[in-house]
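What follows is the residue order along each chain.
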Amino acid sequence: MKFVKTKILQDSKFFIASVLIVFVATLFRFYDLTLKPLHHDEGVNGYFLTELFNQGVYKYDPSNYHGPTLYYIALVFTKLLGLETFAVRASVAIFGVLMVILVLALKNHLGNIGSLSAAAFVAVTPGMVYISRYFIHEIFFVFCSLGFFTVFVFFIENRKPGYIAILTLALILFVCFLPSLNVVRLLQLDNDFAVFIVKVIILALGSILVYLLLRIIVTYKDGLLIYPMIGSAFIALFFATKETAFITIGTMIIAVFCIWLWEKLYKGASSKTSLTFDGLKERFSSKRELLLTLTICLITFTYVAAVFFSSFFTYPRGIIGAFEAYSFWTKTGIKDHIGRFTLYLEWLWKLEYPLVLLSLLGILIAFFRAKSRFAMFVGLWAFGLFLAYSLIPYKTPWLMLSFLLPMCIASGYSINEMAFSQRKILKFLAFVLLFLSLAILSYNSYDLNFRRYDDDSLPYVYAHTRRSFLQMVEKIHYYAEKSGRSKSATIQIVSPEYWPLPWYLKQYDHANFYGRIVDAKEAEMIIAEKGKQDLETFRKYRTNYRIVDVYSLRPGVDLVLLVRKDLADEDTKSYEEIIRIK
């Protein structure tokens, strides 16, 4: 009875701590989500999403380097919340929070303190928070790697699928049924109400079909197929998000081999380890059952990947493009964004050095104690990806998230091992290190995400749009309203550099992006690039336009906002004044 009471007390404490960590993760990711202006890449992603939102069309292009999942996920959010900055970033931020929840679910292998620590690290570490507030592919990409890993662990340890797993599979099956809506296009109905009725009928039939399939899957061998199907779907989504998924999958395969080799060579390895090959084989009562499971996994992976790459079977060419992407990647991986081998370590050390030290400690503990295959795998996952991405010449800070995640988990493991050590000094040290690490990471995260989010001296601020850019957008809105034409105002963007401006001007029907000097006598506003276009701008527009101000777009790129003289306020200046003042 005493054991039961203690267990209930421990579970309640774990639950309360988990809720607090998830709350902090949510606060860091969603608070003032539109604070920083969109990055260049966010603007490009926003352009593809806008096309999908307005016209229902997205065609996967391998030369864009990344897959279609981000746009379809964001489409759901924008349909609910509107085509706005908050909605598109929320579609990414939510997966940053879900990653924290998945890490908490690994407590059987990390321990209560270890999983809480690891989840807290994921919740507050600067890189995870910063990129979670970005409308780019990376967070969902990393989430898929964690999702696949988690369900694989659950399957091997023979965990019974719960309601969350069943609901996840139901969602996957429902999404896989959505291509049936293409029937509406084939019918070529002119009546909107008729289209609506047909869609409702198709979705209703699809829901019934999903329910019947789910019942069969859940009842077969106590849900034997649930985790393999979810895992296969995660891998498909992984590849449909970024072509670099093969690096993570390859690293994981090598990690399994290295653990097997280490246990053969290292005499200190414990024979009573979890997550064994024998445990995996025991899940299947016969070779026929194993073959059936592998077949179902292959079908799930192929179908889910095909659904997204083909834009729900409206653009079959996208499936071929999925293979062509690797040709593009091998070219850009050795030409663009080149950085030295040690660059990732330098970036990590600047803001996240507690994780570097704690994860290294966790890896050492995992291998020299060799009692947890889970911990050894996570350590190799982190170190293997760090080494792989360091060897590749292509370097961008958001790529670090692929190994930053397992670093957080390995750090949680090291805290847990020290906390349950027989030595009191190590117990004390565990909580001191945990407190100091979280304090450092939380402060750095706050400083990066809410104060210096456009400061290029910080690692994750990579050619980011300067905050003054939003002041220019406000001035554009101001003069558009003053002209009396509002969203019909004509804005000529003659600067060759302008992303993410198309996102902020998407409601202006006459926002024209030329990228070169053109005639613009009647346009209410003109946006040119300072420096490169000074002479041409002066000659072409000085007669009819005044300059509102010069705004920094990103490092090395400044934009000049010109307004027609009859609309200009008294504080506007001539080009001669701007050149002299600036």
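First things first, this report covers the structure right here in the doc. (Residues numbered from 1 in each chain as written. Predicted model: local features only at pLDDT ≥ 70, side-chain atom pairs only at ≥ 80, totals over all residues. Heavy atoms only, no water.)

1. Observations concerning the overall build of the chain
- Assigned secondary structure in the chain consists of 23 helices and five strands.
- The C-alpha radius of gyration computed for the chain amounts to 27 Å, which stays within 12% of the reference 25 Å derived for 582 residues, consistent with globular compactness.
- C-alpha extents for the chain along the principal axes are approximately 85 × 65 × 50 Å.
- In the chain, the proportion of contacts linking residues at least 24 apart, taken out of those at least 6 apart, comes to 76%.
- For the chain, the accessible area works out to roughly 27800 Å², and carbon and sulfur atoms hold 65% of it.
- Averaging the coordinates of the 60 positive side-chain charges in the chain and doing the same for the 44 negative ones gives two points 10 Å apart. (Helix = DSSP H or I, 4+ residues; strand = E, 2+ residues; numbered from the N terminus. Rg over C-alpha atoms; globule rule 2.2 N^0.38 Å. Contact = heavy atoms within 4.5 Å. Areas by Shrake-Rupley, 256 points an atom, 1.4 Å probe, with all protein chains shown as cover. Lys, Arg positive; Asp, Glu negative; His and termini not counted. Charge placed at Lys NZ, Arg CZ, Asp CG, Glu CD.)

2. Details of the layout of surface pockets
- Within this model, the second largest pocket holds a volume of roughly 1100 Å³.
- Every residue lining the second largest pocket is counted, 37 residues in all, and those nearest its centre are Phe148, Phe152, Ile156, Val256 and Leu280.
- Where the lining of the second largest pocket is concerned, the elements lending two or more residues are helix 7 (138–156), helix 11 (226–239), helix 12 (245–265), helix 13 (277–281), helix 14 (287–309) and helix 17 (373–391).
- Class assignment for the residues of the lining of the second largest pocket results in 27 nonpolar, six polar and four charged. (1 Å grid on protein atoms, 1.4 Å probe; cavity = no way out; pocket = protein on both sides within 12 Å on 5 of 7 lines; lining within 4 Å. Points joined across faces, edges and corners; volume = space filled by probe spheres on them. Nonpolar A, V, L, I, M, F, W, Y, C, P; charged D, E, K, R; others polar.)

3. Regarding the packing of helix 16 (residues 343–369) against helix 19 (residues 424–451)
- Between helix 16 and helix 19, the shortest axis-to-axis distance is 7 Å and the interhelical angle comes to 150°. You can see that helix 16 and helix 19 cross each other, and the crossing is left-handed. Of helix 19, the residues touching helix 16 (which contributes Leu351, Glu352, Tyr353, Pro354, Leu355 and Leu358) are Leu433, Ser437, Ile440, Leu441, Asn444 and Leu448.
- Class assignment for the residues of the contact of helix 16 with helix 19 results in nine nonpolar, two polar and one charged. (Axes fitted to C-alpha atoms, helices over the stretch in contact; angles between N-to-C directions. Left-handed = near helix turned anticlockwise from the far one by under 90°.)

4. Examining a nonpolar patch on the surface
- Taken together, the side chains of Phe193, Phe196, Ile197, Val200, Ile201, Leu205, Ile208, Tyr211 and Leu212 define a hydrophobic patch exposed on the protein surface, amounting to about 900 Å² of accessible area.
- Relative to the helices and strands, Tyr211 resides in helix 10 (residues 192–219).
- Among the residues examined, Tyr211 registers a relative accessible area of 48% and is labelled partly exposed. (Patch = residues over 30% accessible without salt bridge, like charges linked within 9 Å, V, L, I, M, F, W, Y side chains within 5 Å. Salt bridge = Lys/Arg side-chain N within 4 Å of Asp/Glu carboxyl O. Buried < 20%, exposed > 50% of the residue type's maximum accessible area, 1.4 Å probe, protein only.)

5. Points about the sheet that holds strand 3 (residues 525–529)
- Overall, mixed pairing links the five strands, which are arranged 2-1-3-5-4 in an open sheet. Looking at the sheet topology across the chains shown, the edges are occupied by strand 2 (510–513) and strand 4 (545–554). Each strand of the sheet is rotated relative to its neighbour by a mean of 15°, with strand direction disregarded.
- Sheet analysis places strand 1 (residues 490–493) next to strand 2, joined by four bridges and oriented parallel. Counted as the bridge partner of Gln492 is Asn512 from strand 2.
- Packing of helix 20 (residues 468–482) onto the sheet brings it into contact with strand 1, strand 3, strand 4 and strand 5 (557–564), and relative to strand 4 it is tilted by some 150°.
- Across the sheet, helix 22 (residues 534–541) touches strand 3, strand 4 and strand 5, and the angle it forms with strand 3 is around 155°. (Pairing = 2+ DSSP bridges.)

6. Looking at the pattern of salt bridges
- As enumerated under the stated definition, the model contains 20 salt bridges in all.
- Ionic pairing is found between Asp447 and Arg451, a salt bridge with its closest N-O pair at 3.3 Å. You can see Asp447 and its partner Arg451 sitting in helix 19, four residues apart, about one turn around the helix.
- Residue classification places Asp447 among the buried positions, given a relative accessible area of 7%.

7. A short note on unusual backbone geometry
- Looking along the chain, the bond that leaves Trp499 and enters Pro500 is cis, with omega of 10°.
- Inspection of the secondary structure puts Pro500 in the loop between strand 1 and helix 21 (501–504).
- The phi dihedral of Asp222 is positive, around 55°, even though this residue is not glycine.
- Relative to the elements of secondary structure, Asp222 occurs in the loop between helix 10 and helix 11.

8. Examining the packing of helix 18 (residues 401–419) against helix 19
- Where helix 18 contacts helix 19, the two axes come as close as 7 Å, and the packing angle between them is 150°. When the interaxial angle is binned, helix 18 and helix 19 end up roughly antiparallel. Of helix 19, the residues touching helix 18 (which contributes Ile415, Met418 and Ala419) are Leu426, Lys427, Leu429, Ala430, Phe431, Leu433 and Leu434. (Parallel < 35°, antiparallel > 145°, perpendicular 65-115°, else oblique.)

9. What about the environment of His109?
- With respect to the helices and strands, His109 occurs in helix 5 (residues 107–124).
- Of the residues examined, His109 reaches a relative accessible area of 15% and is grouped as buried.

10. Regarding the side chain of Ser18
- Tracing the backbone through its elements, the reader meets Ser18 in helix 1 (residues 2–30).
- Not counting chain neighbours up to four residues away, the residues in contact with Ser18 comprise Leu104 and Leu116.

11. Re the nonpolar core
- Ranked by internal contacts, the top residues of the largest apolar core, which has 170 residues, are Leu146, Phe149, Trp381, Leu405, Ile409 and Tyr460.
- Sort the elements by how many residues they give to this core and helix 7 lands first, with 13 residues.
- In terms of nonpolar packing, the next biggest core, distinct from the first, is built from 15 residues, Ile517, Tyr541, Tyr545 and Ile547 among them. (Core = buried A, V, L, I, M, F, W, Y, C linked by side-chain atoms within 4.5 Å.)

12. What about the pairing of strand 4?
- Within strand 4, eight of the 10 residues are buried, leaving the element largely enclosed by the surrounding structure.
- Judged from the eight bridges that link them, strand 4 and strand 5 form a sheet pairing that is antiparallel. When the sheet's bridge partners are listed, Asp549 is paired in strand 5 with Leu561.
- Where strand 4 folds back onto strand 5 in an antiparallel hairpin, the turn is made up of two residues, including Gly556, whose phi is positive at roughly 85°.

Worth remembering: the numbers are spatial, not functional.
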